[in-house]
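So you can see what is in the structure, the chains are spelled out below.
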Amino acid sequence: MKKGLDLLSSVKSSLISDSVIQRRVQAIGQQISLEYRDEGEEYPLVVICILKGAFVFCADLIRTMHLPLEVHFMAVSSYGDTTSSSGVVKIEKDIDIDIAGRNVLIVEDIVDTGLTLAYLKEFLSDRKPRSLSICTLLDKPAAREKEVKVDYVGFEIGDDFVVGYGLDYAQQLRNLSGIGILKPEIYQEDEE
Ligand code: 5GP
């Protein structure tokens, strides 16, 4: 498996640059702020950041939102260290607050097959929040296996494996400031 600088050079040119991401994040943050503005005082928004991939996006997003809000974290696993979905979603870390009667916003890095978010949505709905919305930085509609309504989408992308801005390959490359496509030969090599 390629690591370190070798892996870094395996990312094809930037798909979405840092500055384009920042402009879009700002726009989504403003839209969310407007939509929750009237309820903010009475019902501070509960933002649930899905670890690990969404941590960079969520950190930028909340700082563009002008609302009373709390941030909590959940970790789910569906992929391990490869690039295709196992179809099995496991809650590795749950939130430690009661969301009954609260406005909840799930912040995710990317929707691919939709299996993770469909599962999470059902899992959290059972706790009877006042509302439950989903915000994802990236959406790969071509890969969808399970329909799930996503309320806020940063960018629709093609069916490539992407890294950077929080998204990893085998736990690396999260630190790239933009989003790039990982050369397929890298994970094809690893899968052999
Ligand atoms: P889904 O359940 O929708 O297939 O997958 C969701 C999760 O798979 C995401 O939260 C992310 O962790 C991972 N994933 C899906 N596509 C990609 C991708 O192109 N790059 C990376 N780094 N992770 C991905």
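Just so it is clear, the model here is predicted, and its values are computed rather than measured. (Residues numbered from 1 in each chain as written. Predicted model: local features only at pLDDT ≥ 70, side-chain atom pairs only at ≥ 80, totals over all residues. Heavy atoms only, no water.)

1. Examining the overall build of the protein chain
Counting secondary structure elements, the protein chain contains 5 helices and 9 strands. When the helices and strands of the protein chain are listed from N to C terminus, the series reads α-β-α-β-α-β-β-β-α-β-β-β-β-α. At 17 Å, the protein chain has a C-alpha radius of gyration in line with the 16 Å of a compact globule built from 192 residues. Referenced to the eigenvectors of the C-alpha coordinate spread, the extents of the protein chain come out at roughly 50 × 35 × 25 Å. Out of the 192 residues belonging to the protein chain, those deemed buried represent 48%. Taking the contacts inside the protein chain whose residues are at least 6 apart along the sequence as the reference set, 69% of them involve residues at least 24 apart. (Helix = DSSP H or I, 4+ residues; strand = E, 2+ residues; numbered from the N terminus. Rg over C-alpha atoms; globule rule 2.2 N^0.38 Å. Buried < 20%, exposed > 50% of the residue type's maximum accessible area, 1.4 Å probe, protein only. Contact = heavy atoms within 4.5 Å.)

2. Some thoughts on the pairing of strand β3 (residues 69-77)
As judged from the 7 bridges shared by strand β2 (residues 45-51) and β3, these two strands associate in the parallel manner. Note that in β3 the partner of L51 across the bridge is A75. After leaving β2, the chain enters helix α3 (residues 55-62) and then returns to the sheet as β3, a path that is right-handed. In this sheet, strand β4 (residues 90-93) lies alongside β3 in antiparallel orientation, the contact comprising 3 bridges. Each bridged residue has a counterpart across the sheet, and for S77 the counterpart in β4 is K90. (Pairing = 2+ DSSP bridges. Right-handed = clockwise from strand over helix to strand, strands pointing away.)

3. A word on the site of the ligand
Close to the ligand lie 16 residues; D109, T113, T116, V162 and D168 are nearest. Contact distances for the ligand include 2.8 Å between an oxygen atom and a side-chain N or O atom of D109. Taking D112, its main chain carries an N or O atom lying 2.8 Å from an oxygen atom of the ligand. When residues of the shell around the ligand are assigned to their parent elements, the largest contribution, 4 residues, is made by strand β5 (residues 103-111). Its residues placed into classes, the shell around the ligand shows 7 nonpolar, 3 polar and 6 charged. (Near = heavy atom within 4 Å. Polar contact = N/O pair within 3.5 Å; in protein donor to acceptor, adjacent residues only side chain to side chain. Nonpolar A, V, L, I, M, F, W, Y, C, P; charged D, E, K, R; others polar.)

4. Concerning α3
Those residues of α3 that fall on the buried side of the exposure criterion are V56, F57, C58, D60 and L61. Where α3 is buried, its residues meet α2 (18-36), β2, β3, β5 and β6 (131-139).

5. Observations concerning helix α4 (residues 115-125)
The complete set of buried residues in α4 reads T116, L117, A118, L120 and L124. Those residues of α4 that are buried are in contact with β2, β3, β4, β5 and β6.

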